[in-house]
Amino acid sequence: MDGGHMNGMTHMPPPPSPVTATGAPPVTTTTGATMQHHPMMHMAFFWGTNGEILFPGWPGSNTGMYLLVLIFIFILAFLVEFLSHANFARRGSTTAAVGLVQTVVHTLRTGLGYMVMLAVMSFNGGVFLAAVAGHALGFLVFGTWVFRKPPPPVSGDKSSDLSPMICA
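Residues numbered from 1 in each chain as written. Predicted model: local features only at pLDDT ≥ 70, side-chain atom pairs only at ≥ 80, totals over all residues. Heavy atoms only, no water.

Draft legend 1. View of helix α3 (residues 125-142). Its 18 residues place the ends of α3 26 Å apart at the C-alpha level, agreeing with the 26 Å of an ideal helix rising 1.5 Å per residue. Every buried residue belonging to α3 is among G125, G126, V127, A130, A131, G134 and G138, and all of these are buried. Residues of α3 that are buried in the fold lie against α1 (63-85) and α2 (95-120). Residue N124 occupies the N-cap position of α3, its side-chain oxygen lying 2.9 Å from the main-chain nitrogen of G126. (Helix = DSSP H or I, 4+ residues; strand = E, 2+ residues; numbered from the N terminus. Expected span 1.5 Å × (residues − 1). Buried < 20%, exposed > 50% of the residue type's maximum accessible area, 1.4 Å probe, protein only. Contact = heavy atoms within 4.5 Å. Polar contact = N/O pair within 3.5 Å; in protein donor to acceptor, adjacent residues only side chain to side chain.)

Draft legend 2. The environment of N50, seen in detail. Take N50: it is sitting in the loop between β2 (34-35) and β3 (51-52). Sequence separation of N50 and G60 is ten residues, and the distance between their C-alpha atoms is 5.6 Å. Contacts of N50, omitting those with residues within four sequence positions, involve G60 and S61.

Draft legend 3. A look at the packing of aromatic side chains. For the structure on display, the rule yields eight aromatic pairs. An aromatic cluster of three or more residues is present, and its members are F74, F78, F82, F88 and F142. (Phe/Tyr/Trp six-rings, centres within 6.5 Å; stacked < 30°, edge-to-face > 60°.)

Draft legend 4. The arrangement of the side chain of T144 in detail. Considering the arrangement of structural elements, one finds T144 in the segment after α3. Reaching out from T144, the side chain makes a polar contact with the backbone oxygen of L140 at a distance of 2.5 Å.

Written out as structure tokens, the structure is:
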């Protein structure tokens, strides 16, 4: 007795199982919900050259491509620091032109910063170290007085030698 809920369909075969893009059958949970099988996403730092960083299938399992990813992330982080400390405004420029240049630089810096953040969210230890090293070297080159002459001190100048913490 099915209480009339199945309307006589108790002897029908189950529908065919769908297949995911990888050819593997989907995973069924204990509640009966069907989930697609996706590549494992790490939730803790791991050390290895296999994974996906920023784009599907990149770098894959190729060690050379993994090294290219590390260089790419290093350069992105370095560029974020360059854009954070560069001054593209020229004397004599109109306020609108300066504002437009500042907006473009801010947009680029924010976008690059988010790309670095997303790469670090892969939880790959090498990517994390490449990002930190890129930010550190970029700050050393562009944010300190190691490679440029310091300006004359101004009374009432800021009390810290570090730039304010900028998210992005």
